[in-house]
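Structural description and commentary
This is what each chain is made of:
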Amino acid sequence: MTAAALTLPKNTLTPAQKTQFIKLEKKLRRNVGQAIAQYNMIEDGDKVMVCLSGGKDSYAMLTILMLLRESAPIHFDIIAVNLDQKQPGFPEHILPEYLDKLGIEYHIVEENTYSIVKEKVPEGKTTCSLCSRLRRAILYKTAKNLGATKIALGHHRDDMIETLMLNMFYGGKMKAMPAKLVSDNGEHVVIRPLAFCKESDLIQYAELKQYPIIPCNLCGSQPNMQRQNIKHMLNGWSEQFPGRIESMFTAMQNIVPSHMCDSNLFDFKSIDSNSGIINGGDTAFDEVVIETPKDLSTKDYLNDAQQLNVVEVK
């Protein structure tokens with residue numbers, strides 16, 4: 001499968017859409033390439049197991065990784081894996097048909113985790129936590145059986161920020177989704193190639209690519225999930241105050257342990273008058289230096305960024 005064959009047929013897009021598509025795909029390729037390079041996600045000889053759910057993010061991740069493989073200075077293999085959890089109404093023919101057209105190696109794993117979740121979780125309670133744990137265990141086992149050296153998940157920048165906020169609000173931790181980590185069982189390296197990709201870009205890309213999307217609500221709608229509340233709050237901030245989400249993600253990459261309160265990360269006890277100024281000293285009450293996003297004027301961004309918008313999270 002060549003890079004050209006991964007793009008949409010030319011007659012399916014208007015001239016304006018073609019221009020939008022080319023710019024968007026270049027941006028996503030650049031973002032994924034940057035994440036891979038910065039965190040050394042993929043190395044020469046790797047066999048990357050791309051976890052394909054049938055949602056926009058995993059479809060885009062597979063496409064971009066296939067495109068990058070064509071031009072990468074190293075060799076790596078890709079195998080797409082989907083877990084059919086036997087939810088009622090799951091269109092099990094969609095992914096095999098799509099992957100056959102791509103001509104890529106793939107593996108469909110069939111495990112009835114739906115019945116387990118329905119049995120264990122009381123009616124009305126959120127099922128995603130248990131479902132996620134079961135799914136991870138199966139994917140780890142599959143990766144081992146397939147000889148995969150990396151497991152690629154389709155979480156994007158917004159997912160990572162949402163997880164940070166969830167842990168802050170409900171878990172009492174400054175903890176998010178890392179771009180690269182060792183799996184729960186200690187046997188695999190898990191990567192998130194979409195770490196620098198915005199969800200809004202992925203939504204547009206999926207629409208232009210016309211992916212055969214499989215919805216993630218086959219277990220039933222769960223509108224009261226805290227993650228949805230956090231997403232709603234962040235989307236509101238992004239619309240009202242452009243640049244705020246970008247700044248939050250930048251902050252996740254610029255942590256200053258000496259100016260937090262975790263004594264496990266910084267030795268506060270040993271500080272004395274002979275320690276010298278550490279990371280700028282006591283700047284807690286200094287005016288915050290606001291960096292202007294490239295697509296906004298300084299005046300507009302300052303007007304937005306200096307406002308505080310409080311949103312209740314129920």
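Keep in mind that this is a model prediction, so the values were computed, not measured. (Residues numbered from 1 in each chain as written. Predicted model: local features only at pLDDT ≥ 70, side-chain atom pairs only at ≥ 80, totals over all residues. Heavy atoms only, no water.)

A word on the overall build of the chain. Along its length, the chain carries 10 helices and six strands. Across the chain, contacts joining residues at least 24 apart in sequence account for 76% of those joining residues at least 6 apart. Carbon and sulfur atoms make up 52% of the accessible area of the chain, which amounts to about 18,300 Å² in all. (Helix = DSSP H or I, 4+ residues; strand = E, 2+ residues; numbered from the N terminus. Contact = heavy atoms within 4.5 Å. Areas by Shrake-Rupley, 256 points an atom, 1.4 Å probe, with all protein chains shown as cover.)

The backbone of N40 sits at a positive phi, close to 50°, despite the residue not being glycine. On the secondary structure map, N40 appears in the loop between α1 (15–39) and β1 (47–51). Judged by its relative accessible area of 38%, N40 is partly exposed. (Buried < 20%, exposed > 50% of the residue type's maximum accessible area, 1.4 Å probe, protein only.)

Moving on: the packing of α1 against helix α7 (residues 199–209). One way to put it is that α1 packs onto α7 with a least axis distance of 10 Å and a crossing angle of 130°. On the basis of the axis angle, α1 is oblique to α7. Between α1 and α7 lies a crossing of left-handed hand. Facing α1, whose interface residues are Q17, Q20, F21, L24, E25, K27 and L28, α7 presents D201, L202, Q204, Y205, L208 and K209. When its residues are assigned to classes, the contact of α1 with α7 shows six nonpolar, three polar and four charged. (Axes fitted to C-alpha atoms, helices over the stretch in contact; angles between N-to-C directions. Parallel < 35°, antiparallel > 145°, perpendicular 65-115°, else oblique. Left-handed = near helix turned anticlockwise from the far one by under 90°. Nonpolar A, V, L, I, M, F, W, Y, C, P; charged D, E, K, R; others polar.)

So yeah, pure geometry; function would need other evidence.
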